[in-house]
Amino acid sequence: MKSSPCATSSFLPMQRLADALYDITLTLWVGGLWAIGFLVAPTLFAALASDRQLAGLLAGKLFALIGWVGLGCASYLLLHTVLRTGTIAVRRWTFWLLIGMLLLTAINLFGIQPLLAQIKADALPRQAIESVLSQRFAIWHGVSGVVYVLQSLLGVLLISGFRRVGR
């Protein structure tokens, strides 16, 4: 069944808006990942060198915030991709890059960050890095960092040519 020219022409502005929101959402998410992880967090630790606990607390809150932003962004991006392409979505790189980023976000937000918070709580009144739990904290902190870098790199792939070919 063909749609009328009027129906098609009235649908185009909504499709353009949805596509523009896709680009804005992707930019917000990946830009936020890069800004927080590679600019803000290192700046916090440099500026608050005398109070690394405060720097870590602030950085942790920012990482949690971008994790929640990522969940929201991934939801829209995946919904847009599926609604725009249907079942063909599963054959596109963008779909799987988004799934990968979503999984990495969930791993950090719901798995590793609560584990780090528990290690910190168990170490009280000392800082986790100064307690007997320091090695465990350092390992999980490193795992979280690797997950974050992988997520950031997948975001770069999405923004690069993969996005244009696969969308």
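Now for a look at the structure at hand.

With that out of the way, let us pick up the nonpolar core. Counting residues in each nonpolar core, the largest one holds 18 residues, and the members touching the most others are Trp29, Leu98 and Leu158. For this core, the secondary-structure elements that each account for two or more residues are helix H1 (5–47), helix H2 (52–85), helix H3 (93–123) and helix H4 (134–159). Looking at this core, the element that brings in the most residues is H1, giving six residues. Ile112, Leu116, Ala123 and Val147 belong to the second largest nonpolar core, which has eight residues in total.

Moving on, we come to H2. Under the 1.5 Å per step criterion, the end-to-end length of H2 is 47 Å for 34 residues, consistent within 8% with the ideal 50 Å. Just past H2, the residue Gly86 takes up positive phi, approximately 70°.

So, about the pattern of salt bridges. All chains considered together, the criterion is met by one salt bridge. Between Asp19 and Arg84 there is a salt bridge; the shortest N-O distance is 3.1 Å. Taken together, the residues span a long stretch of sequence, with Asp19 in helix H1 and Arg84 in helix H2 at a distance of 65 residues. Residue Asp19 is classed as buried on the basis of its relative accessible area of 14%.

Positionally, Gln151 belongs in helix H4. Relative accessible area serves as the criterion here: at 4%, Gln151 is assigned to the buried category. With residues near it in sequence (within four places) discarded, Gln151 still touches Trp29, Leu33, Met101, Leu104 and Thr105.

The rules behind each value
Residues numbered from 1 in each chain as written. Predicted model: local features only at pLDDT ≥ 70, side-chain atom pairs only at ≥ 80, totals over all residues. Heavy atoms only, no water. Core = buried A, V, L, I, M, F, W, Y, C linked by side-chain atoms within 4.5 Å. Buried < 20%, exposed > 50% of the residue type's maximum accessible area, 1.4 Å probe, protein only. Helix = DSSP H or I, 4+ residues; strand = E, 2+ residues; numbered from the N terminus. Expected span 1.5 Å × (residues − 1). Salt bridge = Lys/Arg side-chain N within 4 Å of Asp/Glu carboxyl O. Contact = heavy atoms within 4.5 Å.

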